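Listed below, chain by chain, are the residues.
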Amino acid sequence: QRLREVAAHAVDDVGRLARGLHPRVLDEMGLAEAARRHASDFTRSFGVAVDLRLESIVSNQLPPLAKTTMYRILQEALTNVARHARAQVVGVELKDEGPILELVVRDDGVGFNTGAPRREASGLGLHGMRERVALLGGSVEVESRPGQGTVVRARIPAGAAPPPRK
């Protein structure tokens, strides 16, 4: 009986993880709705208010890779806030500015010195964001200072397509 309970919990956990990696709402309702739901889940889970602003998002017309990339950047940025920032409020702006899709995540947390050397294990989230966005011809900028919060700004071409295969 105990083994069945453990197996049932494991199946639930795997399903939750899979939905988190690529929620069905992203494909069915678009980036804006997926961002709304993730922000709401984040607030419920961590007690940190998220001020979400969506501007001119026509997410169902965005290529799937552009939607998925920005969703993953949002996830990672909010994960970093939960792990490190000790923030009270997070501002998230997602906007489609013609040829550019931009995500800005701003927190009022403890911040950090962006020029300080990092341990090998730290900074992998930021590194992963930069790699993911660079593959689409975009950029990620991080602004932070101790005691003054952090701003993560990711920009990708709105028509981003997968890189050609070799």
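The preceding data block contains the structure.
Every value quoted in this text rests on a predicted model; they were computed, and no experiment measured them.

Student: Tell me about the nonpolar core, and please be specific about residues and values.
Tutor: One recurring pattern in soluble globular proteins: nonpolar side chains tend to sit buried together. The biggest cluster of nonpolar side chains holds 36 residues, and the ones touching the most others in it are Leu-31, Val-90, Val-92, Leu-101, Leu-103 and Val-105. Mapped onto this core, the elements with two or more residues apiece are α2 (24-28), α3 (31-46), α4 (64-85), β2 (89-97), β3 (100-107), α5 (124-134), β4 (139-144) and β5 (150-157). Per-element tally for this core: the top contributor is α4, with nine residues.

Student: Describe the pattern of salt bridges, and please don't skip the residues or the numbers.
Tutor: For the structure shown, the criterion picks out 13 salt bridges. The partner of Arg-53 in a salt bridge is Asp-51, with the nearest N and O atoms 3.0 Å apart. Look at Arg-53 and you get partly exposed, because its relative accessible area is 46%. We note a salt bridge from Arg-153 to Glu-143, for which the minimum N-O separation is 3.5 Å. Taken as a pair, Arg-153 in strand β5 and Glu-143 in strand β4 lie far apart in primary sequence, ten residues in all. Connected via shared salt-bridge partners are Glu-93, Lys-95, Glu-97, Glu-102, Arg-106, Glu-143, Arg-153 and Arg-155.

Student: Any details on the environment of Gln-148? Residues and values, ideally.
Tutor: Its place among the elements puts Gln-148 in the loop between β4 and β5. Separated by 40 residues in sequence, Gln-148 and Asp-108 place their C-alpha atoms 6.6 Å apart. Excluding residues within four positions of it along the chain, Gln-148 makes contact with Gly-109 and Val-110. Among the polar contacts listed, one links the side chain of Gln-148 to the side chain of Arg-145, at a separation of 2.5 Å.

What counts as what
- Residues numbered from 1 in each chain as written.
- Predicted model: local features only at pLDDT ≥ 70, side-chain atom pairs only at ≥ 80, totals over all residues.
- Heavy atoms only, no water.
- Core = buried A, V, L, I, M, F, W, Y, C linked by side-chain atoms within 4.5 Å.
- Buried < 20%, exposed > 50% of the residue type's maximum accessible area, 1.4 Å probe, protein only.
- Helix = DSSP H or I, 4+ residues; strand = E, 2+ residues; numbered from the N terminus.
- Salt bridge = Lys/Arg side-chain N within 4 Å of Asp/Glu carboxyl O.
- Contact = heavy atoms within 4.5 Å.
- Polar contact = N/O pair within 3.5 Å; in protein donor to acceptor, adjacent residues only side chain to side chain.

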